[in-house]
Amino acid sequence: MIFPAEKLTAAVQNPKLQTAIYDSTGRLMEKRRVAIAPDSIDDFQAYRTQAHRIKQHTIENLDYYLEQFERNVSANGGKVVWARDADEAVAFVRQICKEKGVQRIVKSKSMTTEEIELNHELEHDKIDIVETDLGEYILQLANEKPYHIVAPALHKTRYDVADIFTEKLGEAREEVIEKQTMIARRRLREKFVTAELGITGGNFLIADSGAVTIIENEGNARLSSSAPRVQIAVAGIEKLIPRAQDLATFLRVLGRSATGQPLTVYTSFLSGPRRENEIDGPEEFYVLLIDNGRTKVIADPAKRQSLYCIRCGACLNHCPVYRKIGGHNYPWVYSGPIGAILSPQFHGVATDPWLPYASSLCGACAEVCPVKIQIPKILLELRHEVTEAKRVVGDGRLEKLAFQLYSFVMTRPGLYNFIEGLAPRFFPGQSDGKWLNKVPGVMSIPPVAGWLSQRDLPPPPEKSFRELWRERSGGRA
Ligand code: SF4
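Each chain has its residues counted from 1, running along the sequence as written. Totals for whole chains, interfaces and linings use every residue, but because this is a predicted model, local features are given only for residues with pLDDT of at least 70 and side-chain atom pairs only at 80 or more, for both listing and counting.

Quick word on the sheet that holds strand 1 (residues 79–83)
For two strands to pair, DSSP has to find at least two bridges joining them. A run of H or I in DSSP becomes a helix once it reaches four residues, and a run of E becomes a strand once it reaches two; helices and strands are each numbered from the N terminus. Across the sheet, which stays open at both edges, the six strands sit in the order 1-10-7-4-2-3 with parallel pairing between neighbours. The open sheet has two free edges, formed respectively by strand 1 and strand 3 (128–131), since each of these has just one partner strand. Going across the sheet, the axis of each strand differs from the next one's by a mean of 20°, ignoring polarity. Pairing geometry for strand 2 (residues 104–107) and strand 4 (residues 197–200), over three bridges, is parallel. Each axis is a line fitted through C-alpha atoms, taken for helices only over the stretch in contact, and angles between the N-to-C directions span 0 to 180 degrees.

Structure below.
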């Protein structure tokens, strides 16, 4: 993706969009602030440290915990399927659809399935794959990608939703949120009872019990995993945690960081297919574990902590850049600060070299991250890699030349004084306060022109500091 200058400008200059993003992220920030206060939880910071340590330990021993998880899923009657990349993952789901004669899939929210573009791929096969999370359902109808990893339709107002339901579902226009929810509920019920396959994500995969934990507020993931005959939970390999008791730490920090809830409404544990004396649950249960570039990230000790992410979205809500440009201006499904560090690591820094710079480095993301990922530090590492890559391919020569020139002048005081004396003569103060804009040729350099279109440097003063000093001190240098 080339630098999306026009899209960025359009987002920043859209007052309706700006209000929607600011209001929604602002509400989530305030709810988090209240939920982590000492009268709600004792020593939230200690839980963050604990969560960080558990993730660190797990990622550093991931092979051990993955094998343990697989053994326990098998012991529970389920099956773990390994996918090296998106193609292998999609091929497995396709194969199940073919073998089981699947015509309809109900699916709960999962960023990993967004990552492998599962819906898009299966729609080619004429399979009716239905998003059942309300926000995702709205976006599927609108043919859009998630705007936020927790609140996918954060940018839509209830008036936008009324338009979408009228246009795509043929429903009478309804602007009351509760009534819109009832429309979605009625439409989705019919899908749940007729789907042959349910696909969910997985927030945490517990190695010592082989269970997949799903955390949600709407109950749609529970229905997607219990109503259809076959179920597939899709998750990245980094979602492992060692023990069921570790979950207590993550449940305390995740809901609070994401939506300001002490606990989300539903916490489901999927541990295999329906057993003999059970009345519901799938007949077949699969866990599709996806690498898709994660082992490459693990191999880098300086940046592997990027995989500790539990997708709470707090870093997006607190990021001044995300709050201005919104979710659709990031090149991949992961947006905000976590997207700015994940995308370059998965796709290579050369793919979107501007992305690690989409940050003011204010540090808010690291302050709020429940697993203490040092995002600004990783952004600096990535910026270093971008600079190194430019050096290798010969790009950035202009920048190098500019710095050589700068260094040449700054280390020669006589030359510096001479140039300083010339500046006011060649670039006298302009009535519009601009001067760098008027230097011949400057506006033909695209990045410089972009910068200067919004601002300029003050014109050089008539007398330099040295000249003023000499005058006022009676000629002393
Ligand atoms: S990086 Fe941290 S704050 Fe951001 S989504 Fe992941 S866990 Fe949440």
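Quick notes on helix 10 (residues 177–194)
Here the expected length of a helix is defined as 1.5 Å per residue gap, with one fewer gap than residues. With 18 residues, helix 10 should reach 26 Å at 1.5 Å per residue; the first-to-last C-alpha distance of 26 Å fits that figure. Within the sequence span of helix 10, burial applies to Ala184, Leu188 and Lys191. Placing a C-beta atom from the backbone of each residue, one calls two residues in contact when those atoms lie within 7 Å. At its buried positions, helix 10 is contacted by strand 2, strand 3 and helix 8 (134–142). Every C-beta atom is placed from the backbone, and the number of other C-beta atoms within 10 Å of a residue's own sets its class: buried at 20 or more, exposed at 12 or fewer, partly exposed in between.

Some details on the nonpolar core
Formed by 100 residues in total, the largest nonpolar core has its most connected members in Leu197, Ile232, Leu288, Ile290 and Cys315. For this core, the leading source of residues is strand 10 (residues 284–290), giving six residues. An automatic or database domain assignment supplies the start and end points of every domain. Residues lining this core come from more than one domain, with at least three contributed by each of domain 1 (44–139 + 192–292) and domain 2 (309–393). When near neighbours in sequence (up to four residues on either side) are disregarded, Leu288 contacts Val81, Ala83, Ala89, Phe92, Ile232 and Val234. Buried Ala, Val, Leu, Ile, Met, Phe, Trp, Tyr and Cys residues whose C-beta atoms connect them within 7 Å together make up a nonpolar core.

Focus: the packing of helix 9 (residues 158–169) against helix 10
Two elements in contact, helix 9 and helix 10, have axes whose closest approach is 10 Å; the angle formed by their N-to-C orientations is 35°. As for the relative orientation of helix 9 and helix 10, their crossing is left-handed in sense. Contact residues: helix 9 offers Arg158, Val161, Ala162, Phe165 and Leu169, while helix 10 offers Ile177, Gln180, Ile183 and Arg187. The residue classification treats Ala, Val, Leu, Ile, Met, Phe, Trp, Tyr, Cys and Pro as nonpolar and Asp, Glu, Lys and Arg as charged. All others, Gly included, are polar. Partitioning the contact of helix 9 with helix 10 into residue classes produces six nonpolar, one polar and two charged. Here a crossing is taken to be left-handed if its near helix is turned anticlockwise relative to the far helix by less than a right angle, and right-handed if that turn runs clockwise.

Description of the packing of helix 2 (residues 15–35) against helix 12 (residues 247–259)
Two numbers describe how helix 2 lies on helix 12: the axes approach to 6 Å, and their chain directions differ by 145°. The segment helix 2 lies against helix 12, with Leu28, Lys31, Arg32 and Ala35 engaging Arg256, Ser257 and Thr259. Looking at side-chain class alone, the contact of helix 2 with helix 12 contains two nonpolar, two polar and three charged residues.

Some words on the pairing of strand 7 (residues 230–236)
Among the seven residues in strand 7, seven count as buried, and that is most of the element. Burial along strand 7 is two-sided: the face carrying Val230, Ile232, Val234 and Gly236 and the face carrying Gln231, Ala233 and Ala235 are both buried. As defined by bridge partners, strand 4 adjoins strand 7 across four bridges and the pair is classed as parallel. Paired with Gly198 across the strands is Gln231, a residue of strand 7. Strand direction decides the pairing type here: strand 7 and strand 10, joined by seven bridges, are parallel. Opposite Ala233, over in strand 10, you have Val287 as the bridge partner.

Remarks on unusual backbone geometry
If you check the backbone angles, Lys126 has positive phi at about 65° while not being a glycine. A positive phi angle, near 60°, is found at Asn143, a position not held by glycine. Secondary-structure assignment places Asn143 in the loop between helix 8 and helix 9. Asn143 sits in the exposed class, given 8 other C-beta atoms within 10 Å.

Topic: the sheet that holds strand 6 (residues 211–216)
Pairing is mixed in the open sheet, where four strands are placed in the order 8-5-6-9. In the strand order of this sheet, the two ends are held by strand 8 (240–241) and strand 9 (266–270), each with one partner. With five bridges joining them, strand 6 and strand 9 adopt antiparallel strand pairing. The partner of Ile215 across the bridge, within strand 9, is Thr267. Most of the contacts of helix 12 go to strand 5 (residues 204–206), to which it runs at about 170°, and overall it touches strand 5, strand 6, strand 8 and strand 9.

Let's talk about the site of the ligand
Neighbouring the ligand are 14 residues; Cys309, Cys312, Cys315, Ile338 and Cys369 lie closest to it. Here the residues of the shell around the ligand are counted per class, giving 11 nonpolar, two polar and one charged. For each residue, a C-beta position is placed from the backbone atoms; the residue is near a molecule or strand when that point lies within 6 Å of it.

Concerning the domain arrangement of the protein chain
One frequently used descriptor of interface size is the decrease in accessible area upon assembly of the parts. The domain boundaries assigned to the protein chain delineate domain 1 (44–139 + 192–292), domain 2 (309–393) and domain 3 (416–472). When each unit is reduced to the centre of its C-alpha atoms, the spacing between domain 1 and domain 3 is 59 Å.

Examining helix 4 (residues 62–75)
Between its first and last C-alpha atoms helix 4 spans 20 Å; for 14 residues at 1.5 Å apiece the expected length is 20 Å, and the two agree. Those residues of helix 4 lying buried are Tyr65, Phe69, Asn72 and Val73. Along the long axis of helix 4, the arc covered by the buried residues comes to 100°, so they all point the same way. Facing away from the buried side of helix 4 by more than 90 degrees, the exposed set consists of Asp63, Glu67 and Ala75. On its buried face, helix 4 is in contact with helix 3 (44–60), strand 1, strand 5, strand 8 and strand 10. In the stretch just after helix 4, Gly77 is the one whose phi turns positive, near 100°. By construction, the arc corresponds to the directions joining the helix axis to the C-beta atoms.

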